[in-house]
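Descriptive structure summary
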Amino acid sequence: DWSSDVCSSDLEKVKPFVALAAVRIMGAVTLTLIAAVALIIGYSLLPNRIPIYMVSLMVAGMLFLIIFLSRRKLAVKFLIVLKPFKSKMLRRNIIEIYRLFHSHQYYPAQLIRATIATLLIEFIFISFNFIAARGLGFDQVSFKSFLLLIPLISVLTLIPSLNGLGVREGAYVYFFAS
């Protein structure tokens, strides 16, 4: 049931979390878009098949997330997942968080501007990596490779590391050493 029994103070506590999560999701969507386009453009530059699998998983995950957050009827079908939660307050809070995510679709102009800004930021980050590599003497690696591999490395950095063990650095070595 989608009735709203959540008090306004609880809702106010959740809004910053939802806003931050929405920004993170938008970043993940733009990284996925960049990686997918780069995969099409730079397929011949791949060191192995792992980037193909990673981009495929990223695209599938982002498509599911976008459909889930934009289609309320689909989300209602997933309410069965909330059945094990005995606390009605927890269930209501989860539903309210979904409502807040879902409400972002009513502001398409802001979503488009935020997506363009995120794409620009990601492109600048990729460009900085490319310029740094050139400055270090890596002249054999093309910009297309960076367009594909930097988003994949960014996704890999989401994997928890042990005391900063170097997931990002290991990914750089793995992908660019080939």
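Below you will find a few notes about this structure.

What counts and how
Residues numbered from 1 in each chain as written. Predicted model: local features only at pLDDT ≥ 70, side-chain atom pairs only at ≥ 80, totals over all residues. Heavy atoms only, no water. Axes fitted to C-alpha atoms, helices over the stretch in contact; angles between N-to-C directions. Helix = DSSP H or I, 4+ residues; strand = E, 2+ residues; numbered from the N terminus. Left-handed = near helix turned anticlockwise from the far one by under 90°. Contact = heavy atoms within 4.5 Å. Nonpolar A, V, L, I, M, F, W, Y, C, P; charged D, E, K, R; others polar. Salt bridge = Lys/Arg side-chain N within 4 Å of Asp/Glu carboxyl O. Buried < 20%, exposed > 50% of the residue type's maximum accessible area, 1.4 Å probe, protein only. Parallel < 35°, antiparallel > 145°, perpendicular 65-115°, else oblique. Core = buried A, V, L, I, M, F, W, Y, C linked by side-chain atoms within 4.5 Å.

A few words now on the packing of helix H5 (residues 108-135) against helix H6 (residues 143-156). Across the interface, H5 lies against H6 with an axial gap of 9 Å and an inter-helix angle of 115°. Crossing handedness for the pair H5 and H6: right-handed. Residues Phe123, Phe125, Ile126, Ser127, Asn129, Phe130 and Ala133 of H5 form the contact with H6, whose own contacting residues are Phe143, Phe146, Leu147, Ile150, Pro151 and Ser154. Taken together, the residues that form the contact of H5 with H6 break down as ten nonpolar, three polar and no charged.

What follows deals with the pattern of salt bridges. This structure, assessed with the given rule, holds one salt bridge. With its nearest N and O atoms 3.6 Å apart, the salt bridge here joins glutamate 169 to arginine 168. Taking relative accessible area as the criterion, arginine 168 reaches 43% and is therefore assigned partly exposed.

Right, let's get into the environment of methionine 26. Residue placement: methionine 26 occurs in helix H1 (residues 8-41). A relative accessible area of 15% means that methionine 26 is categorised as buried. Along the backbone, methionine 26 and threonine 115 are 89 residues apart, and their C-alpha atoms lie at a distance of 6.6 Å. Apart from the residues lying within four places of it in its own chain, the contact partners of methionine 26 are Leu111, Ala114, Thr115 and Thr118.

Time to look at the packing of helix H2 (residues 50-70) against H6. Close contact between H2 and H6 brings their axes to 11 Å; oriented N to C, the two are set at 65°. Compared by their axis directions, H2 and H6 come out roughly perpendicular. As for the relative orientation of H2 and H6, their crossing is left-handed in sense. Facing Pro51, Met54, Val55 and Met58 of H2, the residues of H6 in contact are Leu148, Leu149, Leu152, Val155 and Leu156. Among the residues forming the contact of H2 with H6, the class breakdown is nine nonpolar, no polar and no charged.

Leu39, Val55, Ile126, Phe146, Leu148, Leu152 and Phe175 are the most contacted members of the largest nonpolar core, which totals 23 residues. Counting only elements with at least two residues in this core, the list comes to H1, H2, H5, H6 and helix H7 (167-176). The greatest single-element share of this core, amounting to seven residues, is contributed by H6. The residues contacting leucine 152, other than those within four sequence positions of it, are Pro51, Met54, Val55, Met58 and Phe175. Listed in part, the nine residues of the second largest apolar core include Ala21, Phe68, Ala75 and Leu100.

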